[in-house]
Amino acid sequence: MMMKSISIPAVLALALAAGALASPADAAGCLKGAVVGGVAGHFAGHHGLLGAGVGCAIGHHRAAERARERDEQNRPLPAYGR
């Protein structure tokens, strides 16, 4: 029981520290993904740090996809025939 009470705050503190040290543009989606992945990893066999790392990667990937889609939607249409 002692290990669970220590590991969850430790993973959250690690995720917050990683988010604070990285630049906002590079860490888009990472903090949220790390928290969710860390909690899921903790409950799936005490692999909180591994889950936080994978969650960070997935969160960053999804944030980059959303930014790419947003850029494509805001791109002006070419002016043909002018």
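Residues numbered from 1 in each chain as written. Predicted model: local features only at pLDDT ≥ 70, side-chain atom pairs only at ≥ 80, totals over all residues. Heavy atoms only, no water.

Caption draft 1: Broad picture of a nonpolar patch on the surface. Together, Ile8, Val39 and Phe43 line one region of the surface with nonpolar side chains, adding up to about 260 Å² of accessible area. If you trace the backbone, Val39 turns up in helix α2 (residues 30–43). Owing to a relative accessible area of 35%, Val39 belongs among the partly exposed residues under this scheme. (Patch = residues over 30% accessible without salt bridge, like charges linked within 9 Å, V, L, I, M, F, W, Y side chains within 5 Å. Areas by Shrake-Rupley, 256 points an atom, 1.4 Å probe, with all protein chains shown as cover. Salt bridge = Lys/Arg side-chain N within 4 Å of Asp/Glu carboxyl O. Helix = DSSP H or I, 4+ residues; strand = E, 2+ residues; numbered from the N terminus. Buried < 20%, exposed > 50% of the residue type's maximum accessible area, 1.4 Å probe, protein only.)

Caption draft 2: Structural detail: unusual backbone geometry. Even without being glycine, His46 reaches a positive phi, approximately 60°. Along the chain, His46 falls in the loop between α2 and α3 (48–74).

Caption draft 3: Representation of the packing of α2 against α3 within the structure. The interhelical angle for the contact between α2 and α3, taken along N-to-C directions, is 145°, at an axis separation of 6 Å. Considering the relative orientation of α2 and α3, their crossing is right-handed. Between α2, through Cys30, Gly33, Ala34, Gly37, Gly38, Gly41 and His42, and α3, the contact on the second element is made entirely by Gly48, Gly51, Ala52, Gly55, Cys56, Gly59 and His60. Split by residue class, the contact of α2 with α3 holds four nonpolar, 10 polar and no charged. (Axes fitted to C-alpha atoms, helices over the stretch in contact; angles between N-to-C directions. Left-handed = near helix turned anticlockwise from the far one by under 90°. Contact = heavy atoms within 4.5 Å. Nonpolar A, V, L, I, M, F, W, Y, C, P; charged D, E, K, R; others polar.)

Caption draft 4: Representation of the state of the cysteines. Per the counting criterion, the structure on display carries one disulfide. Covalently, Cys30 is tied to Cys56 through a disulfide, its sulfur atoms 1.8 Å apart. When the S-S torsion is -100°, as for the bridge of Cys30 with Cys56, the disulfide is left-handed. Taken together, the residues span a long stretch of sequence, with Cys30 in helix α2 and Cys56 in helix α3 at a distance of 26 residues. Look at Cys30 and you get buried, because its relative accessible area is 16%. (Disulfide = S-S within 2.5 Å.)

Caption draft 5: Fine view of α3. If you check α3, its first and last C-alpha atoms are 38 Å apart, about what 27 residues at 1.5 Å a residue would give, namely 39 Å. For α3, every residue scored as buried is listed here: Gly48, Gly51, Ala52, Gly55, Gly59 and Ala63. (Expected span 1.5 Å × (residues − 1).)

Caption draft 6: Quick peek at the layout of surface pockets. Each pocket or cavity is described by its volume, and for the largest pocket that value is around 170 Å³. In terms of lining residues, the largest pocket is bounded by Gly29, Lys32, Gly33, Val36, Gly37, Gly55, Ile58, Gly59, Arg62 and Arg66. Elements that contribute at least two residues to the lining of the largest pocket include exactly α2 and α3. Residue contributions to the lining of the largest pocket peak at five residues, all from α3. (1 Å grid on protein atoms, 1.4 Å probe; cavity = no way out; pocket = protein on both sides within 12 Å on 5 of 7 lines; lining within 4 Å. Points joined across faces, edges and corners; volume = space filled by probe spheres on them.)

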